[in-house]
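The residues making up each chain are set out below.
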Amino acid sequence: MKVEDLEMYGKALEMPKEGQRKQMKIVFNLLRKEFGIIGILGIVKGVNNHAKRIRREYPEAVKKARGISEVFEKELTMMGSLFSAIADKRGRTKAQEFMIGMMRNVAAFSMPAIYQISDLVKCEGDVFDNYKKMNRALFNETNRMGTWKHDGFHETDDLLDFKVTTCVNIELWEAIDCPELNVLGCEHDLAGYPLIEEATKSEFRRHCTLAKGGDCCHFKFYRKGTAPITEYVNQ
């Protein structure tokens, strides 16, 4: 089997259906731990109310998200309404902390699923070369969709380097008055990529992101053992 034959090859950070179910289970367990079973009922009610409000008050943002994909629209309204419902109970700072923690927990399952790691490692050829191919296909698709535009790939045998120069997540989170969520994708990556480094024989480096004040999100995927020692902390 070639890496190009994988179901997730060329998908734009989409979760397979079984992954979506697992993700919902993780979110439910975190909410239950934070609010208890009775408290979850209030959160669910708040999520429903805020989802209707977001669609009513920010139709252009919802329309733009829908133009990208139905999945993107659902994620925008779901994450925005969940954040808002938790903010009603705990305040916006605590709500942001919860959402970041949630994304870090989800990443432990979602990142291996997005890259179809269990099958990727069985494909013909060098694992790291196949991992680079998966990343090129993934980010070319997000570039085509307009969600994350990049400046082109710079590649050697031991490195895949590119800069994401626009992030529609930031635009849409701010458009629905949830700027606290701008960093969610960054936090997902920080938690998820290190977990698949061993399987993909890689090392992840990213010294800046748009959501954290940089002029781009600078992705670098090194072959294991070749990444330089740096003084910066991945963003």
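Scroll up a little and you will see the structure.
The text that follows walks through the structure, step by step, so that each part is easy to find. (Residues numbered from 1 in each chain as written. Predicted model: local features only at pLDDT ≥ 70, side-chain atom pairs only at ≥ 80, totals over all residues. Heavy atoms only, no water.)

### Here's the deal with the packing of helix α3 (residues 70-90) against helix α7 (residues 168-175)
Where α3 meets α7, the closest approach of the two axes is 11 Å, and the angle between their N-to-C directions is 50°. It follows that α3 is oblique to α7 by the angle criterion. Between α3 and α7 lies a crossing of right-handed hand. Facing α3, whose interface residues are Phe 72, Glu 75, Leu 76, Met 79 and Gly 80, α7 presents Val 168, Asn 169, Leu 172 and Trp 173. (Axes fitted to C-alpha atoms, helices over the stretch in contact; angles between N-to-C directions. Helix = DSSP H or I, 4+ residues; strand = E, 2+ residues; numbered from the N terminus. Parallel < 35°, antiparallel > 145°, perpendicular 65-115°, else oblique. Left-handed = near helix turned anticlockwise from the far one by under 90°. Contact = heavy atoms within 4.5 Å.)

### Let's talk about the pairing of strand β5 (residues 217-223)
Burial of β5 is extensive: six of the seven residues sit out of reach of the surface. Examined bridge by bridge, strand β3 (residues 159-167) and β5 share six bridges and lie antiparallel to one another. Residue Leu 159 lies in a different strand from β5, and its bridge partner there is Tyr 222. Summarising the sheet, strand β4 (residues 202-205) and β5 pair through four bridges and their orientation is antiparallel. Bridging across to β5, Ser 202 finds its partner in Arg 223. (Buried < 20%, exposed > 50% of the residue type's maximum accessible area, 1.4 Å probe, protein only. Pairing = 2+ DSSP bridges.)

### Digging into the side chain of His 150
Its place among the elements puts His 150 in strand β1 (residues 148-150). Here Gly 152 takes part through its backbone nitrogen, which lies 2.9 Å from a polar atom of the side chain of His 150. (Polar contact = N/O pair within 3.5 Å; in protein donor to acceptor, adjacent residues only side chain to side chain.)

### Comments concerning the environment of Arg 66
Position of Arg 66 among the secondary structure elements: in helix α2 (residues 59-68). Spatially, the C-alpha atom of Arg 66 lies 31 Å from that of Asp 119, the residues being 53 residues apart in sequence. Of the polar contacts made by the side chain of Arg 66, one reaches the side chain of Glu 73; its length is 3.2 Å.

### Section: a nonpolar patch on the surface
Where nonpolar side chains cluster on the molecular surface, the patch consists of Phe 28, Ile 37, Ile 38 and Leu 41 and spans about 440 Å² of accessible area. Topologically, Ile 37 is positioned in helix α1 (residues 17-57). Look at Ile 37 and you get exposed, because its relative accessible area is 51%. (Patch = residues over 30% accessible without salt bridge, like charges linked within 9 Å, V, L, I, M, F, W, Y side chains within 5 Å. Areas by Shrake-Rupley, 256 points an atom, 1.4 Å probe, with all protein chains shown as cover. Salt bridge = Lys/Arg side-chain N within 4 Å of Asp/Glu carboxyl O.)

### Observations concerning unusual backbone geometry
Even without glycine at this site, Asp 177 takes up a positive phi of about 60°. Summarising the element assignment, Asp 177 is placed in the loop between α7 and α8 (184-192). According to the relative accessible area criterion, Asp 177 is partly exposed, its value standing at 44%. One non-glycine residue, Lys 201, adopts positive backbone phi at about 55°. On the secondary structure map, Lys 201 appears in the loop between α9 (197-200) and β4. With relative accessibility at 39%, the residue Lys 201 sits in the partly exposed group.

### Description of α3
Helix length check: α3 (21 residues) gives 30 Å between terminal C-alpha atoms against 30 Å at 1.5 Å per residue, within 8%. Two residues or fewer after α3 comes Gly 91, characterised by a positive phi angle close to 95°. (Expected span 1.5 Å × (residues − 1).)

### Some details on the packing of aromatic side chains
One pass over the structure, following the stated rule, counts 14 aromatic pairs. Taking 6.4 Å as the distance between ring centres and 55° as the angle between the ring planes, the aromatic pair formed by Phe 35 and Phe 98 counts as tilted. Of the two residues, Phe 35 sits in helix α1 while Phe 98 sits in helix α4 (residues 92-114), which places them 63 residues apart along the sequence. Comparing Phe 35 with Phe 98, the two get one shared label, buried. Judged by centre distance (5.7 Å) and plane angle (40°), the rings of Phe 204 and Phe 221 are tilted. Note that Phe 204 is positioned in strand β4 and Phe 221 in strand β5, a separation of 17 residues in sequence. (Phe/Tyr/Trp six-rings, centres within 6.5 Å; stacked < 30°, edge-to-face > 60°.)

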